[in-house]
Amino acid sequence: MQLDLNLLTALDALLEEGSVTAAADRLHVTAPAMSRSLGRLRRATGDQILVRTGRTMTPTPYAIAVREQVHELLQQVHGVLAPSRELDLRTLERTFTLRWHDALVAVSGPALLAAVREQAPGVRLRFLAESSTDTPELRRGEVDLEANANRPSASDIRAEQVADTGHVLVVRAEHPFARRKSVTAAAYAAAEHITVSRRGRLTNALDDALAQLGLARRVVVSAPTEAAAFAFVQGSDLLLTAPESTTRAVAARLGLALIPLPLDLPRARVYLSWHQRYDTDPAHTWLRGLARTALTGSPG
């Protein structure tokens, strides 16, 4: 078979969009032209690629198996054929997938989107929720950029610390603690607590710090996101301990009170992570710069 790189581009779009129409829109071709490309792909591979299930199209097992490889091959082709091409942001058409901690999406996501839309209106962002398990999407090319508290250990994953912050105690405005300028560690430990954990954990570094003081707290609930935890705090006397940088603006908007934490905790760090394949990708480098600015407030 004679190799046609246009088919690789079409296959990547079809597998990402899961729709002939959406893939056509993405590549700026007509839906009939994309349907013809799908037909050529089916003949070339001997597989249906996408099959109709009701009103939607579902990828076949073969399509799912090759999706990551196709995306990575296409990126490699782009790098080989246009390694030194100057980046034209006004005409750039690309979708970036980002997996950020939910609090970082809420606090820094709007600033990143505004900067992207101003500089490159053809670029789209997809923010994904964090998984309850460690996932290899960065390595597989399914996620372009991560931002969270974890520093990856894999040698092929780049990680840059872009921020750190202290912790504060968050309570509802009518909470007895809200009338105090400070609380003791003993009073803090004696209250009921809520934790934030995408894995549903009821303990964290706080419990280790309290144990060193001979204290223990009672965690009655864990929430998967800070937004959910704030809702619990609003309607109860539960205490939430959270990073100050992602909490202050939201707490003010929700009418919650912030109190200094009565014990020392390691500062919460934020890491920006990506796969090394994007080190010299001009568009990815541009996005990393905007993400760094959104997360820290400065280019760094």
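Everything quoted here is computed from the prediction, not taken from an experiment.

Trainee: Would you take a moment to explain the packing of aromatic side chains for this structure?
Mentor: Remark: the centre distance and the inter-plane angle together describe each pair of aromatic rings, the angle taken between the planes. What the rule picks out here adds up to one aromatic pair. Taking the centre distance of 5.4 Å and the plane angle of 80° together, the rings of Trp-100 and Phe-127 count as edge-to-face. A residue pair is termed long-range when its members are at least 10 positions apart, and Trp-100 in strand β3 (residues 94-100) and Phe-127 in strand β4 (residues 123-128) qualify at 27 residues. A relative accessible area of 30% places Phe-127 in the partly exposed class. Stacked on the ring of Trp-274, the Lys or Arg Arg-288 has its end atom at 4.4 Å from the ring centre.

Trainee: Any chance you could explain the side chain of Asp-144 here in plain terms?
Mentor: Mapped onto the fold, Asp-144 is located in the loop between α6 (137-140) and β5 (145-148). For Asp-144, the residues in contact, after removing those within four places along its chain, are Thr-95, Phe-96, Thr-97, Leu-138, Ser-273, Trp-274, Tyr-278 and His-284.

Trainee: Looking at this structure, I do not really get the nonpolar core. What am I missing?
Mentor: Burial of nonpolar side chains together is a common tendency in soluble globular proteins. In terms of nonpolar packing, the biggest core is built from 26 residues, with Leu-112 and Trp-286 touching the most fellow members. Of all the elements in the fold, those that place two or more residues in this core are β3, α5 (102-119), β4, β5, β12 (268-275) and α11 (282-296). The residues touching Leu-112, leaving out its near neighbours within four places in the chain, are Leu-98, Trp-100, Leu-125, Phe-127, Leu-287, Leu-290, Ala-291 and Ala-294. Within the second largest apolar cluster, 20 residues are counted, among which are Leu-7, Leu-8, Leu-11 and Val-20.

Trainee: Help me understand the sheet that holds strand β8 (residues 192-196) in this model?
Mentor: Across a sheet, paired strands are connected by hydrogen bonds in the backbone, their directions being either parallel or antiparallel. Read across the sheet, five strands follow the order β9-β8-β10-β7-β11 without closing on themselves; strand pairing throughout is mixed. For this open sheet the edge positions go to β9 (218-223) and β11 (256-260), each flanked by a neighbour on one side alone. Strand-to-strand twist in this sheet, taken as the mean axis angle between neighbours without regard to direction, amounts to 35°. Where β8 lies against β9, five bridges are found, and the strand directions are parallel. Looking across to β9, one finds that Val-196 is bridged to Ala-223.

Trainee: What am I meant to see in the packing of α5 against α11 here?
Mentor: When two helices pack together, their arrangement is given by the angle between the helix axes and the distance between those axes. Where α5 meets α11, the closest approach of the two axes is 8 Å, and the angle between their N-to-C directions is 135°. By the criterion of interaxial angle, the relationship of α5 to α11 is oblique. The handedness of the crossing between α5 and α11 is right-handed. On α11, the residues touching Leu-104, Ser-108, Ala-111, Leu-112, Ala-115, Val-116 and Gln-119 of α5 are Trp-286, Leu-287, Leu-290, Ala-291, Ala-294 and Leu-295. Tallied by class, the residues present in the contact of α5 with α11 amount to 11 nonpolar, two polar and no charged.

Thresholds applied
- Residues numbered from 1 in each chain as written.
- Predicted model: local features only at pLDDT ≥ 70, side-chain atom pairs only at ≥ 80, totals over all residues.
- Heavy atoms only, no water.
- Phe/Tyr/Trp six-rings, centres within 6.5 Å; stacked < 30°, edge-to-face > 60°.
- Helix = DSSP H or I, 4+ residues; strand = E, 2+ residues; numbered from the N terminus.
- Buried < 20%, exposed > 50% of the residue type's maximum accessible area, 1.4 Å probe, protein only.
- Lys NZ or Arg CZ within 6 Å of the ring centre and 35° of its normal.
- Contact = heavy atoms within 4.5 Å.
- Core = buried A, V, L, I, M, F, W, Y, C linked by side-chain atoms within 4.5 Å.
- Pairing = 2+ DSSP bridges.
- Axes fitted to C-alpha atoms, helices over the stretch in contact; angles between N-to-C directions.
- Parallel < 35°, antiparallel > 145°, perpendicular 65-115°, else oblique.
- Left-handed = near helix turned anticlockwise from the far one by under 90°.
- Nonpolar A, V, L, I, M, F, W, Y, C, P; charged D, E, K, R; others polar.

The quantities given are spatial measurements derived from coordinates; they are silent on function.
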